[in-house]
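# Chain and residue survey
Residue strings, one per chain:
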Amino acid sequence: KPNNPQLFLINISKSKDYYITKYLTNGTFKYVIDYYHKKPRGIEEPVAYYYLIQMLSIIKDLEDNSVSHGNINASNLLNRITTNELPKEFNDDNSWKEQGIALCCCDNLKNEEGHDRYSIALIYYYLCTKTKLEQKPDNCPRRWNESIWKQTFDILLSNKNPQGLISILIKELQQPSK
């Protein structure tokens, strides 16, 4: 059973091809990216961390179930927006888990190790820099935590377990604003 309750797999013996999510009407993650790219300063680091946690959790759930989506892109990530009031300070409880992104649009599950991670690396890099990832990223956005930036791409471009980075990101989000 995946940690992300919005993403679950139908019994493989019945269907090899579909992920099911709750019906979501708040658009795709492409809309979120476009929104932040229109802002003069782009996305703020804590907001990027929040979405990175969501994407790493999707990767972890897929890999824990030995499944590869094979076609992750910003249009295949749906926005989940809760109607509940969220606590001002980020915490990893159920109220925050109702908000974020969910994976959808899977019409052919594939067994391509690392492809989903690379797709998430492309999405995250583009979200943060407004440019496409051409090679392994060296320079992080100005005033961002360079150690976390390097660790992010080290994990996304390898087979390393993302849980440690997820824990680091949660701690960063729980720190008081500077």
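Residues numbered from 1 in each chain as written. Predicted model: local features only at pLDDT ≥ 70, side-chain atom pairs only at ≥ 80, totals over all residues. Heavy atoms only, no water.

### Overview of the nonpolar core
A general trend in soluble globular proteins is that nonpolar side chains are found buried together. Phe29, Tyr51, Met55 and Tyr124 are the most contacted members of the largest nonpolar core, which has 42 residues in total. Put simply, the parts of the chain that give this core at least two residues each are α1 (29-38), α2 (45-64), β4 (100-103), α4 (115-129), α5 (146-156) and α6 (163-174). With 11 residues, α2 is the largest single contributor of residues to this core. Here Phe29 is in contact with Tyr51, Met55, Ala74, Leu77, Asn79, Ile101, Ile123 and Leu127, once residues within four sequence places are set aside. (Core = buried A, V, L, I, M, F, W, Y, C linked by side-chain atoms within 4.5 Å. Buried < 20%, exposed > 50% of the residue type's maximum accessible area, 1.4 Å probe, protein only. Helix = DSSP H or I, 4+ residues; strand = E, 2+ residues; numbered from the N terminus. Contact = heavy atoms within 4.5 Å.)

### Description of the confidence of the model for the chain
Averaged over every residue, the pLDDT of the chain is 77; the share at 70 or more is 69%. Segment residues 1-20: pLDDT under 50, and 38 contacts once partners within four positions in sequence are set aside and those in other chains are kept. (pLDDT = per-residue confidence, 0-100.)

### Structural notes on unusual backbone geometry
In the Ramachandran plot, Lys130 falls in the positive-phi region, its phi being about 65 degrees despite a non-glycine side chain. Mapped onto the fold, Lys130 is located in the loop between α4 and α5. At Arg143, a position not held by glycine, the phi torsion is positive, near 70 degrees. Following the sequence through the fold, Arg143 ends up in the loop between α4 and α5.

### Observations concerning a nonpolar patch on the surface
On the surface, Tyr118, Leu122 and Leu157 cluster together into a nonpolar patch covering about 230 Å² of accessible area. Along the polypeptide, Tyr118 turns up in helix α4. (Patch = residues over 30% accessible without salt bridge, like charges linked within 9 Å, V, L, I, M, F, W, Y side chains within 5 Å. Areas by Shrake-Rupley, 256 points an atom, 1.4 Å probe, with all protein chains shown as cover. Salt bridge = Lys/Arg side-chain N within 4 Å of Asp/Glu carboxyl O.)

### Focus on the pattern of salt bridges
Note on pairing: side chains with opposite charge can pair once their charged atoms come close. With the rule as written, the count across this model stands at 5 salt bridges. Linking Lys60 and Asp64 is a salt bridge whose minimum nitrogen-to-oxygen distance equals 2.9 Å. Here Lys60 and its partner Asp64 are both found in helix α2, 4 residues apart, which amounts to about one turn of the helix. Its relative accessible area of 15% is what places Lys60 among the buried residues.

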